[in-house]
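# Topology and contacts: notes
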Protein chains: 2
Amino acid sequence: MQRVSAEMPIGIFDSGIGGLTVMKEITRLLPEEDIIYLGDTARVPYGIRSPETVRKYSLENAYFLMSRGIKILVIACNTSSSVSLDLLSEKLPVPVTGVVGPGARAAASATKLKRVAVIGTETTINSRAYERAIKEIDDSISVTGVACPLFVPLIEEGWTEGEVVRLTAEKYLSPVRYNGVDCLVLGCTHYPIIKDVIEDAVKIRLIDSAAETAKEVRRVLKDAGMLRRSRADVSREFFVTDSPGKFVSAGERFLGRKILNISRINPEKTLQVYSG
Amino acid sequence: MQRVSAEMPIGIFDSGIGGLTVMKEITRLLPEEDIIYLGDTARVPYGIRSPETVRKYSLENAYFLMSRGIKILVIACNTSSSVSLDLLSEKLPVPVTGVVGPGARAAASATKLKRVAVIGTETTINSRAYERAIKEIDDSISVTGVACPLFVPLIEEGWTEGEVVRLTAEKYLSPVRYNGVDCLVLGCTHYPIIKDVIEDAVKIRLIDSAAETAKEVRRVLKDAGMLRRSRADVSREFFVTDSPGKFVSAGERFLGRKILNISRINPEKTLQVYSG
């Protein structure tokens, strides 16, 4: 294996385009870092799959990024972070950061009433990963999870305002509004796109894991002496597992900038290729 | 390869549970036939993927079913039928039936005004497969396609009535209502579940491919002398690529009967195993 160095890129993967909201925060905080992003668009969405299947796909994605030489892995997907962070941390020789830990820490310090709600995909909510992470910090905080499976398809369809998304948010979130929680974790990287709609439906403080995760990545790299010094020739490379067309058009909305350097790969093959 | 015989089962695959509406019609029409059904739940939905990826997954599914010994393959998925029927017909040594041809024939004979609309997933609509199939029968029929990507997630979430699905149907289908079409093809095997909502939004005749496909399967088997004679020991076997839990609970609603004999498989492996 290549020796890990500060000049290597940060590796990020997500099931699709959602993780670009995390990448956006990382590039904002660490503009001098090279980044490789993998979106597993041939097998998106992860949120409806079983934990074992999500772990298998996550490992394949991680091995692909390792085979390119990265200094840290960011799991920019709440579903994958919820069920495969331990596995990837154990298997990989570089630090691994998920989005659940940073989001949980932010929520634990924000709640005054010690009542937090978390919204996410079915697999994220069923995993209770946020609940465990928040209770590890402060056992007296109560955590309510609400799965909102229609938010991702609505956002991907571009229906981010109007009656349909508003009624959907009402239907999912009205129980949250009336049970005394004072902060809501957006436990899915797509959700910041409909932040206003969610805020209208709950009228409490929202926690966005993306910004918290970027701070965590900076801290981990700094502690390891692995921050890149120069700003010359910053590279941003994208990989997808299905054809890039839709990823590029929708992804630019998520990332807030052009997606240029993009290729298609087959992650199933990397398990055989990557030699650890 | 095993010799094909009338005693072999009918093989059916779909990206998930939708194809069970087709299986339901086949068992109604051909109750004496054994059936093997494969739902590719680890990679559902197909309707958002590129044609190449759908073809790859379809071929893997077909090879798995072939490896079990089937006498006919039914592609009970509109997306897969739209983009991979030719490929599978060419590769497999048994007859292959999709859902597009039967649906197209029914629409062509039902329309009086020679104006048909088709609704389906993005990949189905973009493929224009229904349009080609209808125009092959009668070139003077005009065909309008409308992609309705939110219908499948809504149905899978169980929101099959109420404001959200009604407004979504209105939004997708109001253009259809005002352009003089007199019949609408449900070009996705999920859609019969919200038939009433769709009917309310368009107020024209609906064509459901599932029943038409069952008739086609009977015709093909009859012509080949491959109908099974006895009704003793009829077997219904199910395979899925993710864990069976959700498939069983939602699937029984689609199929209208209990799902008992179910196993999980990895279809990526069959490409290496199946020897043609």
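Refer to the preceding data block for the structure.
In this report, the structure presented in the accompanying data block is examined. None of these values were measured; they are calculated from a predicted model.

### A closer look at the relation of the copies chain A and chain B
Note on the copies: chain A fits chain B at an RMSD of 0.0 Å, the axial shift is 0.0 Å, and the rotation between them is 180°. Here the symmetry operator amounts to a two-fold rotation axis. Both copies present the same face, since 100% of the interface residues in chain A are matched by interface residues at the equivalent positions in chain B.

### Focus on helix α3 (residues 78–91) of chain A
All names here are of chain A. For α3, spanning 14 residues, the distance from its first C-alpha to its last is 19 Å, which sits close to the expected 20 Å at 1.5 Å a residue. Along α3, the sharpest change in direction is near 70° and occurs at S84. Of all the residues in α3, the buried ones are N78, T79, S80, S81, S82, V83, S84 and L88.

### A short note on the packing of aromatic side chains
Residues and elements named next belong to chain A. All chains considered together, the criterion is met by 16 aromatic pairs over all chains. Seen from their ring centres, F151 and Y191 are 5.3 Å apart, and the 90° between their planes marks the pair as edge-to-face. Remark: Y191 occurs in the loop between β7 (183–186) and α9 (195–202) and F151 occurs in helix α7 (residues 151–157); sequence separation between them is 40 residues. Given the relative accessible area of 0%, F151 is considered buried. Judged by centre distance (6.4 Å) and plane angle (55°), the rings of F238 and F247 are tilted. Of the two residues examined, F238 and F247, each falls in the buried class.

### Considerations on the pattern of salt bridges
All names here are of chain A. Taken as a whole and assessed by the stated rule, the structure comprises 40 salt bridges over all chains. Close ionic contact of K71 with E33 constitutes a salt bridge, the shortest N to O distance being 2.6 Å. In this pair, K71 is assigned in the loop between α2 (51–67) and β3 (72–75) and E33 in the loop between α1 (20–29) and β2 (35–39), connecting sequence segments 38 residues apart. Residue class for K71 comes out buried when judged on its relative accessible area of 1%. For E33, a relative accessible area of 0% corresponds to the buried category. Ionic pairing is found between D242 and R264, a salt bridge with its closest N-O pair at 3.6 Å. Highlighted residues: D242 in the loop between β9 (236–240) and α11 (245–255) and R264 in strand β10 (residues 262–264), separated in sequence by 22 residues. The class of D242 is buried, set by a relative accessible area of 4%. Classification of R264 as partly exposed rests on a relative accessible area of 36%.

### So, the pairing of strand β8 (residues 205–208) of chain B
All names here are of chain B. Summarising the sheet, strand β7 (residues 183–186) and β8 pair through four bridges and their orientation is parallel. When the sheet's bridge partners are listed, V185 is paired in β8 with I207. In terms of handedness, the path from β7 via helix α9 (residues 195–202) over to β8 forms a crossover that is right-handed.

### Quick word on the nonpolar core
By size, the foremost hydrophobic cluster in this structure holds 116 residues, and its most contacted members are L173(A), I198(A), L173(B) and I198(B). With sequence-adjacent residues up to four places away left out, L173(A) is seen in contact with I119(A), C148(A), F151(A), I198(A), A201(A) and V202(A).

### Considering the interface of chain A and chain B
You'll often see interface size given as the accessible area lost when the parts meet. Every contact between the two is made by 31 residues of chain A and, on the other side, 31 residues of chain B. Between chain A and chain B lies a buried interface of about 2600 Å² when both sides are counted; carbon and sulfur atoms form 52% of it. The largest per-residue losses of area from chain A upon contact with chain B belong to L150(A), W159(A) and E268(A), which jointly make up 20% of the total buried on that side. Connecting chain A to chain B are four salt bridges. In this structure, the salt-bridge partner of K246(A) is E122(B), at a minimum N-O distance of 3.4 Å. On the surface where chain A and chain B come into contact, there are 20 residue pairs in polar contact (both at pLDDT 80 or more). Among the elements that make up the side of chain A that touches chain B, the one with the highest residue count is helix α8 (residues 163–177) of chain A (six residues). Its residues assigned to classes, the side of chain A that touches chain B comprises 13 nonpolar, six polar and twelve charged.

### Observations regarding α8(A)
At K171(A), α8(A) is bent by approximately 40°, the largest bend along its length, and proline P175(A) sits one to four residues beyond. Listed in full, the buried residues belonging to α8(A) are V164(A), V165(A), T168(A), A169(A), Y172(A), L173(A) and V176(A).

### Regarding the sheet that holds strand β9 (residues 236–240) of chain B
Residues and elements named next belong to chain B. Taken in spatial order, the six strands make up an open sheet running β4-β3-β1-β2-β9-β10, and their pairing is parallel. Two strands lie at the open edges of the sheet, namely β4 (96–97) and β10 (262–264), each paired on one side alone. Two strands pair when backbone bridges link them, and strand β3 (residues 72–75) and β4 are joined in this way by two bridges, in the parallel orientation. Residue pairing in the sheet places V74 in a bridge with T97 of β4. Where helix α1 (residues 20–29) meets the sheet, it contacts β1 (10–14), β2 (35–39), β3 and β9, and its direction lies at approximately 170° from that of β2. Set on the sheet, helix α10 (residues 209–223) makes contact with β1, β3 and β4; between it and β3 the angle comes to about 165°.

### What to know about the packing of helix α4 (residues 100–110) of chain A against helix α6 (residues 129–137) of chain A
The packing of two helices is summarised by the inter-axis angle and the distance between the axes. Residue and element names in this part refer to chain A. The interhelical angle for the contact between α4 and α6, taken along N-to-C directions, is 50°, at an axis separation of 9 Å. Put simply, α4 runs oblique to α6. As α4 packs across α6, the resulting crossing turns out to be right-handed. Here V100, G103, A104, R105, A107 and A108 of α4 come into contact with α6, specifically with A129, Y130, A133, I134 and I137. Grouping the constituent residues of the contact of α4 with α6 by class yields nine nonpolar, one polar and one charged.

### What to know about the side chain of R236(A)
Residues and elements named next belong to chain A. Within the secondary structure layout, R236 lies in strand β9. We note that R236 is buried and unpaired, the nearest opposite charge coming from D34 at a distance of 6.1 Å. A distance of 3.0 Å separates the side chain of R236 from the backbone oxygen of P31, its partner in a polar contact. Among the polar contacts made by the side chain of R236, one reaches the main-chain carbonyl oxygen of E33 at a distance of 3.4 Å.

Reading guide: rules and limits
- Residues numbered from 1 in each chain as written.
- Chains lettered and ligands numbered in written order.
- Predicted model: local features only at pLDDT ≥ 70, side-chain atom pairs only at ≥ 80, totals over all residues.
- Heavy atoms only, no water.
- Least-squares fit on C-alpha atoms with pLDDT ≥ 70 in both.
- Contact = heavy atoms within 4.5 Å.
- Helix = DSSP H or I, 4+ residues; strand = E, 2+ residues; numbered from the N terminus.
- Expected span 1.5 Å × (residues − 1).
- Bend = angle between axes of the 7 residues up to and from the residue.
- Buried < 20%, exposed > 50% of the residue type's maximum accessible area, 1.4 Å probe, protein only.
- Phe/Tyr/Trp six-rings, centres within 6.5 Å; stacked < 30°, edge-to-face > 60°.
- Salt bridge = Lys/Arg side-chain N within 4 Å of Asp/Glu carboxyl O.
- Pairing = 2+ DSSP bridges.
- Right-handed = clockwise from strand over helix to strand, strands pointing away.
- Core = buried A, V, L, I, M, F, W, Y, C linked by side-chain atoms within 4.5 Å.
- Buried area = accessible area lost by both parts, 1.4 Å probe.
- Polar contact = N/O pair within 3.5 Å; in protein donor to acceptor, adjacent residues only side chain to side chain.
- Nonpolar A, V, L, I, M, F, W, Y, C, P; charged D, E, K, R; others polar.
- Axes fitted to C-alpha atoms, helices over the stretch in contact; angles between N-to-C directions.
- Parallel < 35°, antiparallel > 145°, perpendicular 65-115°, else oblique.
- Left-handed = near helix turned anticlockwise from the far one by under 90°.
- Lys, Arg positive; Asp, Glu negative; His and termini not counted.

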